[in-house]
Every structure is written in structure tokens, then in C-alpha cells.
Amino acid sequence: MKRKIYYITRTYTHDSNSGGALMREGAVKQFCEHGYQVEVISLSKTLNNISLDNQYLTLFDNGKGSDRVNWTKQRFGFSEDYLDDWANNCVNYLRHKVNKEDIVFATTGGDLASLKVASLVKDKTDCIYIANFRDPVLHTTVNNKSLSPFLHVNRDHLLIKYLNNANLVVTSCNSYKEYIEEKFQGRVINNHFGFLGNESNRDYSHLPNNNNSLSIVYAGTLNKYQGPNYYPDVFSGLKKTSLTVYSNSDPFKREHDNIYIKKPVTRDELYQRIMKNHNAGFVSLSNPYFSVCVPSKIYEYINIGLPIFGFLPDGEARSIVNDNNFGYIAKEGKYSELRQKLGYYSNRLELVDDLKMNVQNSRDKWSMKHLFSDLIEEIKLLGDR
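About the criteria used
- Residues numbered from 1 in each chain as written.
- Predicted model: local features only at pLDDT ≥ 70, side-chain atom pairs only at ≥ 80, totals over all residues.
- Heavy atoms only, no water.
- Helix = DSSP H or I, 4+ residues; strand = E, 2+ residues; numbered from the N terminus.
- Buried < 20%, exposed > 50% of the residue type's maximum accessible area, 1.4 Å probe, protein only.
- Core = buried A, V, L, I, M, F, W, Y, C linked by side-chain atoms within 4.5 Å.
- Contact = heavy atoms within 4.5 Å.
- Pairing = 2+ DSSP bridges.
- Axes fitted to C-alpha atoms, helices over the stretch in contact; angles between N-to-C directions.
- Phe/Tyr/Trp six-rings, centres within 6.5 Å; stacked < 30°, edge-to-face > 60°.
- Lys NZ or Arg CZ within 6 Å of the ring centre and 35° of its normal.
- Disulfide = S-S within 2.5 Å.
- Salt bridge = Lys/Arg side-chain N within 4 Å of Asp/Glu carboxyl O.
- Expected span 1.5 Å × (residues − 1).
- pLDDT = per-residue confidence, 0-100.
- Polar contact = N/O pair within 3.5 Å; in protein donor to acceptor, adjacent residues only side chain to side chain.

Here Lys 240, not a glycine, exhibits a phi torsion of approximately 60 degrees, which is positive. If you trace the backbone, Lys 240 turns up in the loop between α7 (231–235) and β9 (241–246). Judged by its relative accessible area of 38%, Lys 240 falls in the partly exposed class. Even without being a glycine, Asn 325 presents a positive backbone phi close to 55 degrees.

Looking now at the nonpolar core. Core analysis: the biggest nonpolar cluster contains 118 residues, and Phe 31, Ile 180, Phe 282 and Phe 309 have the highest contact counts within it. Top element by residues in this core is helix α13 (residues 368–382). It accounts for six residues. Ignoring anything within four residues of it in the chain, the contact list for Phe 309 reads Leu 214, Ile 216, Ala 280, Gly 281, Phe 282, Val 283, Tyr 328, Ile 329, Leu 342, Tyr 345 and Leu 355.

The subject of this paragraph is the sheet that holds strand β7 (residues 188–190). Pairing is parallel in the open sheet, where seven strands are placed in the order β3-β2-β1-β4-β5-β6-β7. The open sheet is flanked by β3 (56–60) and β7, the only strands paired with a single partner. Averaged over all pairs of adjacent strands, the angle between their axes in this sheet comes to 20 degrees, without regard to strand direction. Taken together, the four bridges between strand β5 (residues 128–133) and strand β6 (residues 168–171) define a ladder with parallel strand orientation. Following the sheet pairing, Ile 130 is matched in β6 by Leu 168. Docked against the sheet, helix α1 (residues 19–33) engages β1 (4–9), β2 (37–43) and β4 (103–108), running at close to 175 degrees with respect to β1.

On to the packing of aromatic side chains. Counted according to the given criterion, the structure contains 23 aromatic pairs. Pairing Tyr 7 with Phe 31 gives two aromatic rings, centres 6.4 Å apart and planes at 65 degrees, and the pair type is edge-to-face. Residue Tyr 7 is located in strand β1, and its partner Phe 31 is located in helix α1; the two are separated by 24 residues in the primary sequence. Classification of Phe 31 as buried rests on a relative accessible area of 0%. Counting every residue linked through ring pairs, the aromatic cluster contains Tyr 218, Tyr 230, Tyr 231, Phe 235, Phe 282, Phe 311 and Tyr 335. The lysine or arginine in question, Lys 297, covers the ring of Tyr 218, its NZ or CZ lying 5.0 Å from the ring centre.

Below, the discussion takes up the state of the cysteines. By definition, a disulfide links the sulfur atoms of two cysteine residues through a covalent bond. A complete count under the given rule lists zero disulfides for this structure. In this structure Cys 32 is not part of a disulfide, and its nearest cysteine sulfur, from Cys 127, lies 18 Å away. Distance from the sulfur of Cys 127, which forms no disulfide, to the nearest cysteine sulfur (Cys 90) is 14 Å. Judged by relative accessible area, which is 0%, Cys 127 ranks as buried.

Attention shifts here to the pattern of salt bridges. All told, the structure shown has 18 salt bridges when counted by the stated rule. In this structure, the salt-bridge partner of Lys 29 is Glu 25, at a minimum N-O distance of 3.9 Å. Residue Lys 29 and its partner Glu 25 are located together in helix α1, separated by four residues, close to a single helical turn. For Asp 81, the salt bridge goes to Arg 155, with nearest N and O atoms at 2.9 Å. Taken together, the residues span a long stretch of sequence, with Asp 81 in the loop between α2 (67–75) and α3 (84–94) and Arg 155 in the loop between β5 and α5 (156–163) at a distance of 74 residues. Of the two residues examined, Asp 81 and Arg 155, each falls in the buried class. Each of Glu 80, Asp 84, Lys 116 and Lys 161 takes part in one network of salt bridges that share partners.

Its 15 residues place the ends of α13 21 Å apart at the C-alpha level, agreeing with the 21 Å of an ideal helix rising 1.5 Å per residue. Looking at α13, one finds that the buried residues are Met 368, Leu 371, Phe 372, Leu 375, Ile 376, Glu 378, Ile 379 and Leu 382. Against α1, β4, β5, β6 and β7 lie the buried residues of α13.

Another aspect to go through is the confidence of the model for the chain. For the chain, the average pLDDT comes to 89, and 92% of its residues sit at 70 or higher. Confidence, read as mean pLDDT per element, is least for helix α8 (residues 267–277) in the chain (88) and greatest for strand β12 (residues 308–312) (98).

This part takes up the sheet that holds β12. Spatially, β10-β9-β8-β11-β12-β13 is the arrangement adopted by the six strands of the open sheet, whose pairing is parallel. Looking along the sheet, the strands with just one partner apiece sit at the ends: β10 (259–262) and β13 (327–331). Geometrically, the sheet is characterised by an average inter-axis angle of 20 degrees between neighbouring strands, direction not taken into account. Bridge analysis of strand β11 (residues 280–284) against β12 gives four bridges, and the strand direction is parallel. Note on β12: the bridge partner recorded for Val 283 is Gly 310. Sitting on the sheet, α8 touches β8 (214–219), β9 and β10, and the angle it makes with β8 is about 170 degrees.

To continue, consider the side chain of Gln 74. Mapping Gln 74 onto the fold places it in helix α2. Residue class for Gln 74 comes out buried when judged on its relative accessible area of 0%. A distance of 2.9 Å separates a polar atom in the side chain of Gln 74 from the backbone nitrogen of Tyr 82. Apart from residues lying up to four places away in sequence, Gln 74 is in contact with Ser 79, Glu 80, Asp 81, Tyr 82, His 139, His 152, Val 153 and Arg 155.

Now the structure itself:
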């Protein structure tokens, strides 16, 4: 009989095409390929029946309270998490289904609720509880830094509360692993989640040379954490260099001769456009809090074979790019330095081809399929507890 995994996640591909949601679906597929039976427990406001490639998906809502009210209650400490009602719904469902041999795998991209669900179910069933951090829980501290400058109760105590009975903690960045090891006495491992793989079997080895220019692409959200207000400082007026942004938002306020804003397109269409028009990818985070995060875009670019440019806080994400000579990531705040680097490469485009070869030659070791095997071995050891 296949061992059962209950995969707890706030976001999933039933209602999101974000990099995080796609990575979670990729992880579920990997569990299935390794012989596990998986039920995904996620959040939905509509609770429509969903079919996702024969995956078993169970959805719960977050009660009748408005998101704004729930966030306010969390902010001032009147509730533990804005998704408390969802968490309670999940626990009430799982407490009657999960047994001691099952695994409850809780993955968080910043919410506390997924960890809360797994911890409470562990208390009631003595199942195996695995906590997986894609990003730190929001409004906890990371290396004495907090994400928001606005008033919000610190949630470090809640993080420890809902980690204290985990059988295994899995981070996606070694520096966050070191941070968690200071707080948690149990087993902590790191597992880079990697890229999903080339589902369409497209050959990415023949990206455009674009011998006349450095054509950079960015697709996704452009909120304050990506620092879009700094993009003009980096790109505006830079010769032989352009940035094309696929996003619903246009934060630049005025036109720039080499920054182009386009509406989002499907993933397949985006890849086709990259293959035809672009020879580098861009990534950015402008807050030091994210020093313990590796943006999924980095893995996406590695998958396609794109050189990578951008700005990020000091941390593992910058090291992956810079130490492997996949491109150049400046430290956040060093925007003139990034501009100089782009100018350097735009005048020596043959070096961009060298970066491309570095990415493509190292590609396989960054695939989720390759990296996931280490996690599977750790999970097998838990069966012998």
C-alpha cells in the first residue's frame, strides 16, 4: 500500500500560476513519482470542484470574515494568522483521516497557517510532521531584520510554537537553515527546490544570439519588494540594452525608451517569446529580509539556459548566480554597479554567450527531479522513527 502524504499549502495551481504555486505542484508530482499517495489541502474562496491531472485536491475556505478584518486581527495579535479559520477547517477534516503512519507535509510561502495545521494534526494523531519553508513566515525576524516598517506584532514565538513538534524541517536556502537551527532543536535540512523541468521537451540550447543588443526579460509581479522604482536608474538610456516586462502593473509612471511593458502571456507563449527575442533574464528583490530566499525565477532561467542579471540582498541567491558565473547579481542598493555591468556586457555580447553556456552546462544539477531525491531519502528515514 502506498504511503499517504497530506500536502498542506495556501497557494496551489487551482487558482494561481505564480512561480510558487507551480513549484508546489512540481513537488507533488515528484512525491507521486516516488510512490506516495498525495492529497493536497489548499485554500479556495469558491470551493468549486477541481481536477488537476488526477491529483486529489481538497479545498477549504477561510470563513466569512473579510481579508481586511482578518489581517487587522493578525496585525494586532488578536489572532495568530489571517488564515486561522482555514486552518481550523483543515484540522477538523484531517483529524479524522490522518493516522500515525501518514505524513503531513506543510509548505509555507510566508503564512503561518500551513504550519499550524500540520502541528495541530500531529498533536491529535501522532503522524509524521514535515515543515517546509519556501520563504520565512511573515512578521518573524530574520537576522534581526523585519520585513514591514509598519506596526505588526512579532510572530517569532508562534513560529517556535508550531515548529516544536516537527519531525523534520526543510528549508530552501542554507542561510535560513542556519537561522532555524538556532531556534529549533530537531533535524533541519536544506533542499533547493530547483526548476520543474522541460515539460514540453523543448530544446533550449539555441537561444537567440541577439548580436546587436542585450535583450533582457522579466515576467511576474512588480510590487514594492521587487524594487521596480529602481529599474529606470538601471536601464534608462543604457545603449544596446533593453528590458521587456510582462506584468499587469506599470510602476514606472512614464515611458522609457528601452523599457517595454507588455501584458502577461501564458507560460508557453512566454517561453516562445524568450526563445525568439531575449538573451537574458532579470530578477530583483530590494529588501535585506529576503537574503534567505532564492527566487524561483533563478531556477526558471537556469532551466531555459538564460544568463541572469539583477539585484538581490547578500545571500545564497546571489551566490548561485555569481559564483557559478551564470550572470551578474548586484547587491540591492548597488544600482549604478549593475548598470555598469550591463553596459560592459552589452558591448561584449560574446561574453553573454559564454554565460549562456555556463548555465546550460550546469543545468541538470539544478532540476527538481535531481534535487528532490535527497529529500526523499530523508523522508524514508522518518519511517523508521
